[in-house]
Amino acid sequence: MQIGVPKEVKNLEFRVGLSPGSVRVLTEHEHQVVVEADAGVGAGFSNADYEQAGATLGTASEVWQQAMVVKVKEPLPKEYDYLQKEQLLFTYLHLAASHELTEALIHSGATAIAYETVEKNHQRPLLTPMSIIAGRLSVQFGARFLEKQQGGRGVLLGGIPGVRPGHVVVLGGGVVGTEATKMALGLGAQVTLIDINLDRLNQLEELFGSRVQLLYSNSANIEMAVSQADLLIGAVLVPGRRSPTLVSRTLVEQMPEGAVIVDVAVDQGGCIETVRPTSHSEPVYVESEVLHYGVPNMPGAVPRTATEALNNSTLPYVLTLANMGLDALEKDAALAEGLNVVNHQLVHPAVKATFPDLS
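Okay, so let's go over this structure. (Residues numbered from 1 in each chain as written. Predicted model: local features only at pLDDT ≥ 70, side-chain atom pairs only at ≥ 80, totals over all residues. Heavy atoms only, no water.)

So, helix α1 (residues 20-28)
No. 1: Within the span of α1, buried status applies to Pro 20, Ser 22, Val 23 and Leu 26. The buried residues of α1 occupy one face: seen down the axis, they fall within an arc of 155°. α1 presents Arg 24 and Glu 28 as exposed residues on the side facing more than 90 degrees away from its buried surface.
No. 2: Its buried side turned inward, α1 meets β1 (2-5), β2 (32-36), α2 (47-52) and α10 (303-324).
No. 3: Phi turns positive one or two residues past the end of α1, at Glu 30, with a value near 70°. (Buried < 20%, exposed > 50% of the residue type's maximum accessible area, 1.4 Å probe, protein only. Helix = DSSP H or I, 4+ residues; strand = E, 2+ residues; numbered from the N terminus. Arc of directions from axis to C-beta. Contact = heavy atoms within 4.5 Å.)

Okay, here's the thing in structure tokens:
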């Protein structure tokens, strides 16, 4: 298999689809890998590292001519013209948040497999490592923007003896929400976690005990908690679909002045009405006197850690696809769940439900 690894073009995105270690594994299996020059520099991997691993360096055009392209983030409009018929694209897609990208993939004839919809034993193994990182970063960034010099209300999340700690409200008790809660507790914050799954709430009680206030997700509980939050973290995932809006603009207006919102679900449309995508170069904006952080590629802030973590999970699937091509989808049920677009058709059920006009 000829495999291409392009340099990411999203704003300040320094992750790379394959690390030199992964390239070495693929070349040892006699696959050919073309890496765009400087694709890994931001993550700490030099061109020489890739060449020593057996890769060939190339231009963006040369990389996109390969039979399979392995990325991190979804193609941006400037990359749409690179997409080719019968080309295999393996990356995060989050199609439910982009009608334009979905349409471009269908038109191209490429076969698109999304990391985030690969499913094994009811788990999403390629989404988990980035969810762990994003959950931890959500508190790290939230704490930073609560600082007065950053525009926040000047609250130290952990407080000190004699001064109450900051109040962190987490919407969603999945991987992101759980990791955010761990980080917030580690800083000494008061934490409220809200989820709609009672079984999950029971699991979280076993994990956190009485240190976290666990609430069932309904409008009354959300309104009570959000209106008192110093830091609100959106951590809601509905795989393949847009995230439901749980916090209205009216409720955001009730939050304390200088509070901070970090919506990790923004790459799936977001679960807070006032949140829109931002970037690492301009991460926040103020609306209703509340700071909003909506960077959809948060793990790109720690590209070395994120690239290595992602490759630990993706490499077995990349190798399977390289060895077997599309036959892998018939023999690997997890990969088959990841298929979003093939032969000019949208095939993933959740994305089809989001865009009935394209299905």
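As for the side chain of Thr 181
No. 1: Mapped onto the secondary structure, Thr 181 falls in helix α6 (residues 175-187).
No. 2: Classification of Thr 181 by relative accessible area gives buried; the value is 0%.
No. 3: Non-local contacts of Thr 181, meaning those with residues more than four positions away in its chain, are made with Val 170, Val 191, Leu 193, Phe 208 and Val 212.

Concerning the layout of surface pockets
No. 1: Counted as a void, the largest pocket has a volume near 1,100 Å³.
No. 2: Around the largest pocket, the lining is made up of 41 residues, and of these Gly 174, Val 175, Ala 235, Val 236 and Leu 237 lie nearest the centre.
No. 3: Those elements that provide at least two residues to the lining of the largest pocket are α5 (128-145), α6 and β8 (190-195).
No. 4: Here the element with the most residues in the lining of the largest pocket is α5; it accounts for 4 residues.
No. 5: A per-class count over the lining of the largest pocket returns 21 nonpolar, 13 polar and 7 charged. (1 Å grid on protein atoms, 1.4 Å probe; cavity = no way out; pocket = protein on both sides within 12 Å on 5 of 7 lines; lining within 4 Å. Points joined across faces, edges and corners; volume = space filled by probe spheres on them. Nonpolar A, V, L, I, M, F, W, Y, C, P; charged D, E, K, R; others polar.)

Thoughts on the sheet that holds strand β10 (residues 231-234)
No. 1: Overall, mixed pairing links the 7 strands, which are arranged β9-β8-β7-β10-β11-β13-β12 in an open sheet. Edge positions in the open sheet fall to β9 (212-216) and β12 (284-287), since each of these has one partner strand only. For this sheet the average axis-to-axis angle between neighbouring strands, irrespective of direction, equals 20°.
No. 2: Bridge count for β10 against strand β11 (residues 260-263) is 4 bridges, and the pairing is parallel. By the bridge assignment for β11, Leu 232 is matched with Ile 261.
No. 3: Together, β10, β11, β12 and β13 (290-293) form the strand contacts of α5, whose direction differs from that of β10 by roughly 150°.
No. 4: Sitting on the sheet, α6 touches β7 (167-171), β8, β9 and β10, and the angle it makes with β8 is about 170°. (Pairing = 2+ DSSP bridges. Axes fitted to C-alpha atoms, helices over the stretch in contact; angles between N-to-C directions.)

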